[in-house]
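Secondary and tertiary structure notes
Each chain is listed here by its residues.
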Amino acid sequence: MSSNYRNFRNNVPWLILFLEAVFVVLFYFLFSHGDESRSTVSYAAFQDVNHMVIFGFGFFLTFLKRYGFSSTGFNLLIVVLGVQCSVLIENLFYFLLEIPHEDGLKRITKAAVSITAVVISTGAVLGKTNPVQLILMTVVEIIVFHMSRWINRMYLQVPDDVGMMHVHLFGAYFGLAVSSCFPEPSPRSEKNASTPKSALLSMLGTLFLWVFWPSFNSVLSEDKKWEVTYNTYFALAVSAVTAFTFSAMTTKDGKFRMAHIHSAVLAGGVAVGYAANRIRYPWIAMILGLLASVITVLGSYCLQRCLNPALEIHDSSGVHFTFGFPAVLGALAQVVLLVAENGTFLTSLGYSVMFHIGAFCVTISMALITGLITG
């Protein structure tokens, strides 16, 4: 085993250098023209998303005591490689479909949002994969996610800012599908354990994510940016309050469990991302945040005891109930709000509803199928 591990360590730098050389050559041919257009995304908004992806998810994944440095380091490696790959795939679609190019800052912002799917998937396989496997998963997932997004946009008429919010749904179920192909570690294994220090660092990542999530949801919105920010904040606030409440209610001694807080405080931001542009009043966002937090806490209680052992799924960081369930709730809320906004279920409204349901089915189906193949 030690000999094979040394050979593996010697091959990793060459794989990374090969990928980087390919990226440089492709950038030379695809981005030789200048880009002088004014960006529709502010640099401050891009920095918020960048901080969220690097710091937020980097520390969010430090809960395993043996993989603290690996999670933050591998997260940075995945992000910088994935952003380059995402920009290339996006530009290739623009070239093939003969669509006018976007400005550079918006392009890299969309790439940073897209790489969130890979980072979420990494949480499901953390501690069971090596850097080569993570790099392979990053490239495959970015390509498939862009294919899913463009199918939703071109054939199901889903707006690009809404389609981009499918990163939570796609990342969660792609990661679960990949994780199902790996053996579950022993409950007493050090690979499956955490320490107070690692849990504290992971909670720090949660706080980073909580602070920057309104910018994440609104960064690609052009018409209702402030409404999306407003609604996202209230959904996050209510989900945090609900997380503390239900955490105390579901424990025997009535104490707060930071495992619940760690997951449920973000549920409102995930759920409201799909429907924030359709929410007219903050109380709707607050109800959505409350429901998302309740589903996350109860889901973590039920999944870890019933569903995961039955399906032999080992979800390292709980991406199923942290991102998967709230994403499903947000997709359903989007359909409900669409029906309520139009009042009656007309033929045209029926087609619109079916398109949104179809986009949900396309996203989750491609995530599960390609995740199993990748695993």
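Computed from a predicted structure; not experimentally measured. (Residues numbered from 1 in each chain as written. Predicted model: local features only at pLDDT ≥ 70, side-chain atom pairs only at ≥ 80, totals over all residues. Heavy atoms only, no water.)

1. Focus: the overall build of the protein chain
When helices and strands are tallied, the protein chain shows 14 helices and zero strands. Looking at the 375 residues of the protein chain, the share that counts as buried comes to 51%. Working note: accessible area of the protein chain is about 17,800 Å², and carbon and sulfur atoms make up 67% of it. (Helix = DSSP H or I, 4+ residues; strand = E, 2+ residues; numbered from the N terminus. Buried < 20%, exposed > 50% of the residue type's maximum accessible area, 1.4 Å probe, protein only. Areas by Shrake-Rupley, 256 points an atom, 1.4 Å probe, with all protein chains shown as cover.)

2. A word on empty space enclosed by the protein
By the definition in use, this model includes four cavities of 30 Å³ or more. Considering only enclosed or pocket space, the largest cavity measures out at about 70 Å³ in volume. Residue lining of the largest cavity: Asp161, Val162, Met165, Asn217, Ser221, Val228, Gly273, Tyr274, Ala276 and Asn277, and that is the complete set. For the lining of the largest cavity, the secondary-structure elements that each account for two or more residues are helix H6 (160–164) and helix H11 (267–275). Taken together, the residues that form the lining of the largest cavity break down as five nonpolar, four polar and one charged. (1 Å grid on protein atoms, 1.4 Å probe; cavity = no way out; pocket = protein on both sides within 12 Å on 5 of 7 lines; lining within 4 Å. Points joined across faces, edges and corners; volume = space filled by probe spheres on them. Nonpolar A, V, L, I, M, F, W, Y, C, P; charged D, E, K, R; others polar.)

3. Some points on the side chain of serine 202
Within the secondary structure layout, serine 202 lies in helix H8 (residues 196–218). Of the residues examined, serine 202 reaches a relative accessible area of 2% and is grouped as buried. Of the polar contacts made by the side chain of serine 202, one reaches the backbone oxygen of phenylalanine 60; its length is 2.9 Å. (Polar contact = N/O pair within 3.5 Å; in protein donor to acceptor, adjacent residues only side chain to side chain.)

4. A word on the confidence of the model for the protein chain
Confidence along the protein chain averages 83 in pLDDT terms, with 87% of residues attaining 70 or more. Put simply, helix H1 (residues 2–30) is where the protein chain has its lowest mean pLDDT, 76, and helix H7 (residues 167–179) is where it has its highest, 93. (pLDDT = per-residue confidence, 0-100.)

5. Quick word on the packing of helix H4 (residues 104–125) against helix H5 (residues 131–154)
Direction vectors running N to C along H4 and H5 enclose 130°, while the axes themselves pass 10 Å from each other. Accordingly, the angle class assigned to the pair H4 and H5 is oblique. Seen along the crossing, H4 lies across H5 with a hand that is right-handed. Together, Lys110, Ser114, Ile115, Ala117, Val118, Ser121, Thr122 and Val125 of H4 and Leu134, Met137, Thr138, Glu141, Ile142, Phe145, His146 and Arg149 of H5 make up the contact between the two elements. (Axes fitted to C-alpha atoms, helices over the stretch in contact; angles between N-to-C directions. Parallel < 35°, antiparallel > 145°, perpendicular 65-115°, else oblique. Left-handed = near helix turned anticlockwise from the far one by under 90°. Contact = heavy atoms within 4.5 Å.)

6. Let's talk about the packing of helix H2 (residues 43–60) against H4
As a packed pair, H2 and H4 sit with axes 10 Å apart at the nearest point and diverge in direction by 20°. Considered as vectors, H2 and H4 are oriented roughly parallel to each other. Considering only the axes of H2 and H4, their crossing is left-handed. The segment H2 lies against H4, with Tyr43, Phe46, Val49, Val53 and Phe57 engaging Leu105, Ile108, Thr109, Ala112, Val113, Ile115, Thr116, Val119 and Ile120.

7. Remarks on the packing of aromatic side chains
By the definition in use, this model includes 15 aromatic pairs. Taking 6.3 Å as the distance between ring centres and 75° as the angle between the ring planes, the aromatic pair formed by phenylalanine 57 and phenylalanine 60 counts as edge-to-face. Taken as a pair, phenylalanine 57 and phenylalanine 60 lie in helix H2 at a separation of three residues, close to a single helical turn. As far as burial versus exposure is concerned, phenylalanine 57 and phenylalanine 60 are alike and both buried. Consider the rings of phenylalanine 60 and phenylalanine 323, whose centres lie 6.1 Å apart with planes at 70°: the pair is edge-to-face. Taken together, the residues phenylalanine 60 in helix H2 and phenylalanine 323 in helix H13 (residues 319–342) connect sequence positions 263 residues apart. For the pair shown, phenylalanine 60 and phenylalanine 323 are each scored as buried. Chaining the aromatic ring pairs together yields one cluster made of Trp210, Tyr230, Tyr233 and Phe234. (Phe/Tyr/Trp six-rings, centres within 6.5 Å; stacked < 30°, edge-to-face > 60°.)

8. A word on the environment of threonine 322
Assignment of secondary structure puts threonine 322 in helix H13. You can call threonine 322 buried: its relative accessible area is 0%. Those residues in contact with threonine 322 that sit more than four places away from it in its chain are Phe60, Ser263, Val270, Thr296 and Ser317. Within polar-contact distance, the side chain of threonine 322 engages the side chain of serine 263 at 3.3 Å.

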